[in-house]
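# Structural characterization, general
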Amino acid sequence: MRPIRRDHAAKTSYDAIVIGAGFSGLYQLHSLRDRLGLSAVVLEAADGVGGTWYWNRYPGARCDSESYTYSYSFSPELEQEWEWSERYPEQPEILRYLNHVADRFDLRRDIRFGTRVVSAAYDQAANRWLVTTQDGAVLTAKFLITAVGCLSSANVPDIPGLADFTGTWIHTGNWPHEGVDFAGKRVGLIGTGSTGIQAAPVIAAAAAQLTVFQRTANYSVPARNAPMSREEWRGIKANYAEHRRTMRSTPNGHGFTIADRSVFDVTPGERAAIYEAAWEKGGLQFRAAFRDLLVDKAANDTAAEFIKAKIREIVKDPATAAMLADIDHPYAAKRPPIDTDYFETFNRGNVTLVDVRAAPIARITAAGVRTEDAEYPLDIIVFATGFDAMTGPLLAMDIRGRDGASLREAWRGGPWSYLGLGVPGFPNLFTITGPGSPSVLCNMPVAIEQHVDWISACIAHMRATGLETVEATPEAADRWGEQVNAAAAATLLPQASSSWYLGANVPGKPRVFMPYAGGMARYRTICEEVAAEGYRGMALGR
Ligand code: N01
């Protein structure tokens, strides 16, 4: 029997409001509505589902998790019916997958598209969240769940003169749906993070000229993307349960485990052979070649040197190679990109690398980009300049908790959260993959499903026991903050001083290491213990 269609235009009161219809919001809606029987609505700014994969349509956009691991695990039927075409899924295919999920679980009828949330305020007397959308509508719910993603607030740097540019400029995170025609164009690409590294080879192949403006040189390992065969899929599908167990048991939620050996357990010759094999295999797995790469600088140096030597070997022009290999941070201390022919791209006759650390961009002119020592005429500028990560998407909304206190104010010194899930002073607000959780340090679907399951179980518990409010206590958030800091300090991650993990890419943003670096498996156990101990660290009210 088909469910009765709800008239969203008339309905304004729900048990739960979810913000965002990406990976998180879709599963959260399914969990609340179809498992717990709650009335729930998803408010989504875009005209379709997909979140990050709806917006990031830039050329070369592809996931760096292996496709069989970049999917939901909650439905064995879904698992069996979907096959990815490549080792790493491309953006259009991921968007197809998420649309398939939305249809398969009949989710669209409870999603309001084209609906941007501007504010949310907790009404203490009524124990309701009042959520206001850009068009002025007000919806209310007992529970408010943010599913806004970690990397959804595009960061366009405030470079003087951008308004004067007579060509076209685009941020990769807001890519036009109709695409961009690079044929015959002089293109400038600003940024060499994961996005710039994915986009550069594809733009170079289409454009007349590509100028890459590099401020911080970056490591990258070949993805070794390839089509996947029916045989491979048969094997994966037959062993999905085992794959999922592996993914849940590792620190990073991927389908591989970290080798249980130190860089210094092996001879230099053996080490070189291990790195060579990992380079040939490709992908993020490179960082799992030894267990101490992310915790011991001397160990990390060996991986860093290996990759730098590869860059010098691949890139023919020695000056360009030197610029690309002049990397100032430990390997994987910034999110490590993987690529398809990134370094090879600099061997093309139509590609130029410009060092904007040596001579920074002074301004954008009507004709292009002017650095402190040269002018680069351009038709198109592509900003691959990243995001106001993790806190940005939450603080883009005016969220107010008890007594009208604002989240922006509460987080003035950096995110203050318990488990990255709940914020003191903001009852019945849950933040999926919020700051303080493993999130971006984990294969995202694994982190997302763990959060959605935990939140859904918490709400089910409240309903079963007649609880009305759940709220992180300040003491628990303080203690968790100490654990987040300690986990980061035990690794080399904070050593990348320009990293978005630290908020360092956004002027004025507090420098706080935001994700929990203690590992997804450990985090999962902590969350399970918290729940088993009656939601330790959370105040529960009737
Ligand atoms: O952004 P970034 P991204 N002048 O912040 C430079 C995920 N992702 O979009 O390092 C000149 O990493 C900046 O330079 P610097 C993934 O988690 C995943 O590439 O600040 N340059 C840097 O080079 C990733 O980490 C996939 O000195 C400026 C670049 O812009 C995250 O998204 C694919 C500048 C920004 O790099 C973000 O990646 C793509 C300026 N004023 C992304 N401002 C997958 O494969 C900034 N830069 C899943």
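Note: the structure precedes this text.
Residues numbered from 1 in each chain as written. Predicted model: local features only at pLDDT ≥ 70, side-chain atom pairs only at ≥ 80, totals over all residues. Heavy atoms only, no water.

## Digging into the overall build of the protein
Convention followed: The way it works is that DSSP assigns letters per residue, a run of H or I at least four long becomes a helix, a run of E at least two long becomes a strand, and they are numbered from the N terminus. Put simply, the radius of gyration uses C-alpha atoms, and a globule should come to 2.2 Å times the residue count raised to 0.38. Relative accessibility under 20% of the residue-type maximum defines a buried residue, over 50% an exposed one, and the middle range a partly exposed one, all with a 1.4 Å probe and only protein chains included. Here, two residues are considered to be in contact whenever any of their heavy atoms come within 4.5 Å of each other. For accessible areas, the Shrake-Rupley method is used with a probe of radius 1.4 Å. Any residue's cover is judged against the shown protein chains and nothing else. Neither His nor the chain ends is counted toward charge; the positive residues are Lys and Arg and the negative residues Asp and Glu. Charge placement uses NZ in Lys and CZ in Arg. For Asp and Glu, CG and CD serve respectively.
Along its length, the protein carries 16 helices and 20 strands. In summary, the protein has a C-alpha radius of gyration of 23 Å against a globular reference of 24 Å for 542 residues, a match within 12%. Going through the 542 residues of the protein one by one, you find that 58% of them count as buried. Look at the contacts in the protein between residues 6 or more apart in sequence, and 73% of them connect residues 24 or more apart. With an accessible surface of roughly 21300 Å², the protein has 51% of that area assigned to carbon and sulfur atoms. The centroid of the 55 positive side-chain charges in the protein is displaced by 3 Å from the centroid of its 61 negative side-chain charges.

## With respect to the site of the ligand
Defined as follows: For this purpose, a residue is taken to be near a molecule or strand whenever a single non-hydrogen atom of the residue falls within 4 Å of it. Any pair of nitrogen or oxygen atoms within 3.5 Å is treated as a polar contact; in protein, a donor-acceptor pairing is required on top of that, and neighbouring residues in sequence qualify only through side-chain atoms on both sides. Three classes are used, and their members are as follows: Ala, Val, Leu, Ile, Met, Phe, Trp, Tyr, Cys and Pro are nonpolar, Asp, Glu, Lys and Arg are charged, and the others, Gly among them, are polar.
Inspection of the region around the ligand gives 23 residues, with Arg62, Thr195, Arg215, Thr216 and Lys334 positioned closest. For the ligand, an oxygen atom lies 2.9 Å from a polar atom in the backbone of arginine 62. A distance of 2.9 Å is found between an oxygen atom of the ligand and a backbone nitrogen or oxygen belonging to threonine 192. Protein chains shield 89% of the accessible area of the ligand, which is 920 Å² for the free molecule. If you tally residues by element for the shell around the ligand, the top one is helix H5 (residues 194-206), at three residues. Split by residue class, the shell around the ligand holds eight nonpolar, ten polar and five charged.

## Regarding unusual backbone geometry
For asparagine 127, which is not glycine, the phi dihedral falls at a positive 50 degrees. Take asparagine 127: it is sitting in the loop between strand S4 (117-123) and strand S5 (128-133). The buried category is assigned to asparagine 127, whose relative accessible area is 10%. Here leucine 419, not a glycine, exhibits a phi torsion of approximately 65 degrees, which is positive. Inspection of the secondary structure assignment puts leucine 419 in the loop between helix H13 (407-410) and strand S18 (429-431).

## Topic: the nonpolar core
The criterion, for reference: Only buried residues count toward a nonpolar core, which is a set of Ala, Val, Leu, Ile, Met, Phe, Trp, Tyr and Cys residues joined through side-chain atoms within 4.5 Å.
Grouped together as the largest cluster of nonpolar side chains are 85 residues, with contacts concentrated most on Tyr72 and Trp454. When residues of this core are assigned to their parent elements, the largest contribution, ten residues, is made by helix H14 (residues 444-465). Not counting the four nearest positions on each side in its chain, tyrosine 72 is found in contact with Gly22, Phe23, Leu26, Tyr27, Leu78, Glu79, Tyr97, Leu98, Val101, Arg244 and Glu449. Residues Ala199, Ala204, Val315 and Ala384 belong to the second largest nonpolar core, which totals 50 residues.

## Some words on the packing of H14 against helix H16 (residues 520-532)
Put simply, the test is: Simply put, an axis is a line fit to the C-alpha atoms, just over the touching stretch for a helix, and the angle between two N-to-C directions goes from 0 to 180 degrees. Roughly parallel means an angle under 35 degrees; roughly antiparallel means over 145; roughly perpendicular covers 65 to 115; every other angle is labelled oblique.
Following both chains from N to C, one finds H14 and H16 inclined at 0 degrees, their axes separated by 11 Å at the closest point. Classed by the angle they form, the pair H14 and H16 counts as roughly parallel. Contact with H14, carried on its side by Val446, Ala447, Gln450, His451 and Trp454, involves Met520, Tyr523, Arg524, Cys527, Val530 and Ala531 of H16 and no other residues of that element. Partitioned by chemical class, the residues of the contact of H14 with H16 number eight nonpolar, two polar and one charged.

## Considerations on the side chain of threonine 133
Position of threonine 133 among the secondary structure elements: in strand S5. On the basis of relative accessible area, threonine 133 is assigned to the buried category, the value being 3%. Excluding residues that lie within four positions of it along the chain, threonine 133 makes contacts with Leu43, Thr115, Arg116, Val117, Val118 and Leu139.

## Digging into the layout of surface pockets
Convention followed: As defined here, a cavity is a set of points on a 1 Å grid over the protein atoms alone where a 1.4 Å probe fits but cannot get out. A pocket is an open set with protein on both sides within 12 Å along at least five of seven lines, and residues line them when an atom is within 4 Å of a point. Grid points are joined across faces, edges and corners, and a volume is the space filled by probe spheres set on the points.
Estimates place the volume of the second largest pocket at around 440 Å³. Around the second largest pocket, the lining is made up of 23 residues, and of these Pro251, Asn252, Ile258, Leu294 and Ala517 lie nearest the centre. Class assignment for the residues of the lining of the second largest pocket results in 17 nonpolar, four polar and two charged.

## A look at the pattern of salt bridges
Condition: In the sections that follow, a salt bridge refers to a side-chain nitrogen of Lys or Arg positioned within 4 Å of a carboxyl oxygen of Asp or Glu.
By the definition in use, this model includes 31 salt bridges. For lysine 310, the salt bridge is made with glutamate 276, and the minimal N-O distance between the two is 2.9 Å. One end of the pair, lysine 310, is in helix H9 (residues 297-314); the other, glutamate 276, is in helix H8 (residues 268-281), with 34 residues separating them in the sequence. Looking at lysine 310, the relative accessible area reads 8%, which means it is buried. Assessed through its relative accessible area of 31%, glutamate 276 is described here as partly exposed. Several salt bridges converge on common partners, so that one network encompasses Arg33, Asp34, Asp106, Arg109 and Asp110.

## Some details on the packing of aromatic side chains
Rule in force here: Aromatic contacts are taken between Phe, Tyr and Trp rings whose centres are within 6.5 Å, Trp giving its six-membered ring; a plane angle under 30 degrees counts as stacked, one over 60 as edge-to-face, and the others as tilted. The criterion is that NZ of a Lys, or CZ of an Arg, lies within 6 Å of the ring centre and within 35 degrees of the ring normal, and then a charge sits over that ring.
Scanning the model with the defined rule gives 34 aromatic pairs in all. Taken together, the aromatic side chains of Phe23, Tyr27, Trp53, Tyr70, Tyr72, Phe74, Trp82, Trp84, Tyr97 and Phe105 make up a single cluster linked through ring pairs. When the ring centre of tyrosine 14 is taken as reference, the NZ or CZ atom of lysine 11 above it lies at 4.7 Å. Between arginine 261 and the ring centre of phenylalanine 290, over which it is positioned, the NZ or CZ distance is 5.1 Å.

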